[in-house]
Amino acid sequence: MRLPKVPEARGNLTHIEGNVQIPFKIKRVYYHYDLPAGCKRGGHAHCETQNLIIALSGSFDVVLDDGYRRQSVHLQQPHQGLYIGPMVWRELENFATASLSLVLASTSYDESDYLRDYDEFLKAVRGR
Ligand code: TYD
């Protein structure tokens, strides 16, 4: 989704408020940085958590998989956010050098909200 961008001669500003530009209240923020060449992040789904992912700097691909179809989304602009709802497997890859990702989350960290095994994920989504 396109996020607001306030352009000024002194630079751009993007702002995000929970339940305004994005469909959830923000409970947690985290970011990936100092990423070694060729690394992959993600590799899981969440039972409940909703996320918004932004490439604050650099670029990377997010592979999304709902258990039936896979698609890859390229993120490279700080005013572009990728919303990911619950029960969507995601993999982040092809990070450009010095990329910085920002992830907004609707929940506090809770390991029991993760599905980290792809076969378990498939069973969970297809069994619903
Ligand atoms: P993980 O969610 O697997 O990272 P990725 O964004 O690549 O999917 O988390 C990596 C480690 O960091 C794992 O040990 C859990 C820990 N962690 C927290 O303690 N709190 C958090 O909010 C997050 C996102 C991860």
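Residues numbered from 1 in each chain as written. Predicted model: local features only at pLDDT ≥ 70, side-chain atom pairs only at ≥ 80, totals over all residues. Heavy atoms only, no water.

(A) Spotlight on the packing of aromatic side chains. Per the stated rule, a full pass over the model turns up seven aromatic pairs. Ring centres 5.1 Å apart and planes at 80° place the aromatic pair W89 and Y118 in the edge-to-face group. In this pair, W89 sits in strand 9 (residues 89–93) while Y118 sits in helix 1 (residues 118–126), placing the two residues 29 residues apart along the sequence. With 5.8 Å between their ring centres and 40° between their planes, Y118 and F121 make a pair best called tilted. Of the two residues, Y118 and F121 both sit in helix 1, three residues apart, roughly one turn of that helix. By relative accessible area, Y118 is classed as partly exposed at 27%. (Phe/Tyr/Trp six-rings, centres within 6.5 Å; stacked < 30°, edge-to-face > 60°. Helix = DSSP H or I, 4+ residues; strand = E, 2+ residues; numbered from the N terminus. Buried < 20%, exposed > 50% of the residue type's maximum accessible area, 1.4 Å probe, protein only.)

(B) Region of the structure containing the sheet that holds strand 10 (residues 100–105). The four strands are arranged 3-10-5-8 in an open sheet whose pairing can be described as antiparallel. Because the sheet does not close on itself, it has two edges, and the strands there are strand 3 (28–32) and strand 8 (81–84). Within the sheet, the average angular offset between the axes of one strand and its neighbour, ignoring direction, is 20°. Inspection of the sheet shows strand 3 paired to strand 10 by five bridges, in the antiparallel sense. Across the sheet, R28 pairs through a bridge with A105, a residue of strand 10. (Pairing = 2+ DSSP bridges. Axes fitted to C-alpha atoms, helices over the stretch in contact; angles between N-to-C directions.)

(C) Representation of a nonpolar patch on the surface in the model. A surface patch of nonpolar side chains, amounting to about 400 Å² of accessible area, comprises I26, V29, Y31 and Y33. Topologically, V29 is positioned in strand 3. (Patch = residues over 30% accessible without salt bridge, like charges linked within 9 Å, V, L, I, M, F, W, Y side chains within 5 Å. Areas by Shrake-Rupley, 256 points an atom, 1.4 Å probe, with all protein chains shown as cover. Salt bridge = Lys/Arg side-chain N within 4 Å of Asp/Glu carboxyl O.)

(D) Quick look at the pattern of salt bridges. Within the structure shown, the criterion is met by six salt bridges. Among the ionic pairs, R10 bridges to E8, the shortest N-O distance being 2.4 Å. When its relative accessible area of 75% is taken as the criterion, R10 is described as exposed. Here E8 falls in the partly exposed class, since its relative accessible area comes to 36%. Members of the salt-bridge network, linked through shared partners, are D65, R70 and E91.

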